[in-house]
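Here is how the chains run, residue by residue.
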Amino acid sequence: MENVAPGCGIDFVLRNDARGRKYQVETVLGGLGVIDFDHDGWPDLYCVNGAALPSLQKNDPRFYNRLYRNNHNGIFTDVTEKAGLQGHGYEMGAAVGDYNNDGLEDLYLVGVHGNTLYRNNGDGTFSDVTETAGVSGHRTKGDKLWSVAAAWIDYDNDGHLDLLISNYCDWTAGTDPVCGGLNGAARAYCHPDKYRAEPLLVYHNNGNGTFTEVSQQIGLGKILGKGMGVAVADFDADGFADAFIANDNARNLLIHNLAGKMKEIGLEAGVAYNGDGRQISGMGADFGDIDGDGRLDIVMTGLRGETYELFRNRGDGTFEDASAPTGLVGLSRGWSGWGCGLVDLDNDGWLDLFVACGGLDTNEPQGNRIFRNQNGHFTDVSSGVGPDFRTARLHRGVAFADFDNDGRIDAAVTAINEPFELWMNRSPVQHWLQLRLSGTRSNRSAIGARVVCRTSQGTQVRMVTSSVGYASASDLRVHFGLGASPAASLEIHWPSGRVQKLEQVAADQRLDIEEPGQAVLPPLFRLK
């Protein structure tokens, strides 16, 4: 892989405004999002930024969020000001999805004490519709939460994308404890145990441009955690999307979707803690079938000395800790992982693991890691990726897309107070397929659709989702590496329940596929 930033026009630097006080917010920001905002088939990029401390205000352009348009030639252009996407406060992450079914990808941003919904106007600009939509991230009684990540999910399969928000801990600048020592040299970031946990938030999309907070009504009102990355998939293949939330030194949460009602089953399913019964500093998370059995497994990153977790899906509603047999225990012990993703980087049909690495503080920079998947067992191939790949930084978020549309998945990575990295994939060419799904009865983004790809080499399963890793959103296009296979058969299970089959689809192409049948969604709407 080759880092082409900043020569590609992306000059973003993730600013946390750390000046020695060790505010807890300084070390956990860094999400970003892939968004094709101009609907031209080329992935654009949105980077979320911090703000001044302790005010939490973007009082200087260096704190602005940034939107970069893909110019189709390897160069990106900063179009933030025209788009109106500079942001508002100390922001953490991004979620991408078409919430109003108008064919345009919208942005939901989460942060410290306030979230923002930006509607895509279709002319290169966005409108802040947060207050009208009712998705500010405040609980009904007015408490301001610290949100780290969010995911678009149509939990009731009504054709409208809802929001699931992961909140971290009860924090304000004025009450942030001092840890490590009173003088600057000894001061350290506090352990999460110093803070109270916060509840999940779920907003139901009413289909008219507004949302209703329904956490209590659907069964999640009493669930507390110190939530970080959110991953979405239908792990039990019942047609309703579920969610996994990594927690920082608290039990992980597995949200089982029971036809629109939610039940937290992390303990029963075996993913609340690792195989030793311990909790770790859970950061990023992703679903993916790592062993080719057609069932979606869970990967979660943690900090150095803890190891990452790989929960293998048994197919009966439970998971087993497979970190040791897959090789991840030994490979990950020395690396603090944040953003991550199960992506097929070499197009051999097996999902590899990319991890954005870096410690908590400036004395712990690390290089990123790639663990190659060979028949369900991982090998660390980071040393052979390229001369710059081992550059040590406080990496945080990573988002994945085929930015140059060459059939190979690339990675965009943020690092605290360091230059942005755009890793273009230069792997040897193998066959591939990419699908852009568009719902008619289902939500327009087709989030929650399950796609089965069959070739002579085996069967692969992917979910349509943008919520991947840590506080980040990856491309909504579904990617399959086909290895030596020149064609594939596809089976698409839409959220509406429809099943669509395509036989002998030629490899090495990008397909736009619309859900068959007459749409039953209401007319497209616009908020004024």
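For clarity, every value in this text was computed on a predicted model and none was experimentally measured. (Residues numbered from 1 in each chain as written. Predicted model: local features only at pLDDT ≥ 70, side-chain atom pairs only at ≥ 80, totals over all residues. Heavy atoms only, no water.)

1. Let's talk about the confidence of the model for the protein
Quick reminder of the rule: Scored from 0 to 100, pLDDT records how confident the predictor is in each individual residue. By definition, residues are in contact when any of their heavy atoms lie within 4.5 Å.
In the predicted model, the protein carries a mean pLDDT of 95, and 97% of its residues have values of at least 70. Throughout residues 519–528 the model reports pLDDT below 50, and contacts reaching past four residues in sequence, or to other chains, amount to 32 contacts.

2. Re the packing of aromatic side chains
To keep things clear, this is the line we draw: Centres within 6.5 Å are what make two rings of Phe, Tyr or Trp a pair, Trp counting through its six-membered ring; a difference in plane orientation under 30 degrees is then read as stacked, over 60 as edge-to-face, and the rest as tilted. Only DSSP runs of H or I with at least four residues qualify as helices, and only runs of E with at least two residues qualify as strands; both kinds are numbered from the N terminus onward. Think of it in three bands: residues with accessible area under 20% of the maximum for their type are buried, residues over 50% are exposed, and the middle band is partly exposed, with areas taken using a 1.4 Å probe on protein chains only.
Applying the stated criterion across every chain yields a total of 16 aromatic pairs. Judged by centre distance (5.9 Å) and plane angle (40°), the ring pair of Tyr99 and Phe211 falls under tilted. Note that Tyr99 is positioned in the loop between strand 6 (91–97) and strand 7 (106–111) and Phe211 in strand 14 (residues 211–213), a separation of 112 residues in sequence. Grouping residues by exposure puts Tyr99 and Phe211 together as buried. With a centroid separation of 5.4 Å and 85° between ring planes, the pair formed by Trp338 and Tyr470 is classed as edge-to-face.

3. Some words on the domain arrangement of the protein
Note the cut-off: Where each domain begins and ends follows an automated or database-derived domain assignment. Buried area: the accessible surface (1.4 Å probe) lost by two parts on joining, summed over both. Here a salt bridge means any side-chain nitrogen of Lys or Arg lying within 4 Å of a carboxyl oxygen belonging to Asp or Glu. What qualifies as a polar contact is a pair of N or O atoms within 3.5 Å, subject to a donor-acceptor requirement within protein and to the restriction that residues adjacent in sequence count only when both atoms come from side chains.
Assigned domains of the protein: these are domain 1 (2–173 + 187–431) and domain 2 (432–514). Once you take the C-alpha centre of each, domain 1 and domain 2 turn out to be 21 Å apart. Taken together, the contacts link 68 residues of domain 1 with 40 residues of domain 2. Summing the contributions of domain 1 and of domain 2, the shared interface buries around 3800 Å²; its carbon and sulfur component is 50%. One salt bridge in this structure joins Arg436 and Glu105, with 3.0 Å as the shortest N-O distance. For the interface between domain 1 and domain 2, the tally reads 26 residue pairs in polar contact (both at pLDDT 80 or more). When contributions to the side of domain 1 that touches domain 2 are tallied by element, the ones reaching two or more residues are strand 2 (32–35), strand 6, strand 10 (147–153), strand 16 (227–233), strand 20 (285–288), strand 24 (337–343) and strand 28 (395–401).

4. Quick notes on the environment of Tyr195
Considering the arrangement of structural elements, one finds Tyr195 in the loop between strand 11 (162–167) and strand 12 (198–199). Classification of Tyr195 by relative accessible area gives buried; the value is 7%. Residues Tyr195 and Trp42 lie 153 residues apart in sequence; the distance between their C-alpha atoms is 42 Å. In this structure Tyr195 touches Gln24, Cys169, Asp170, Trp171, Asp176, Pro177, Cys190 and Lys226, once residues within four positions along its chain are discounted. Separated by 3.4 Å, the side chains of Tyr195 and Gln24 make a polar contact.

5. A short note on the nonpolar core
Under the convention used in this document: Side-chain atoms within 4.5 Å link the members of a nonpolar core, which is a set of buried Ala, Val, Leu, Ile, Met, Phe, Trp, Tyr and Cys residues.
Ranked by internal contacts, the top residues of the largest apolar core, which has 102 residues, are Tyr108, Trp146, Trp152, Phe420, Leu422 and Leu437. When residues in this core are grouped by element, the largest group, 6 residues, is from strand 10. Shared between two domains, this core takes at least three residues from each, and those domains are domain 1 (2–173 + 187–431) and domain 2 (432–514). Once residues lying within four places of it in the same chain are set aside, the contact partners of Trp152 are Ala95, Val96, Gly97, Tyr99, Tyr108, Leu117, Leu161, Asp162, Leu163, Phe211 and Ile447.

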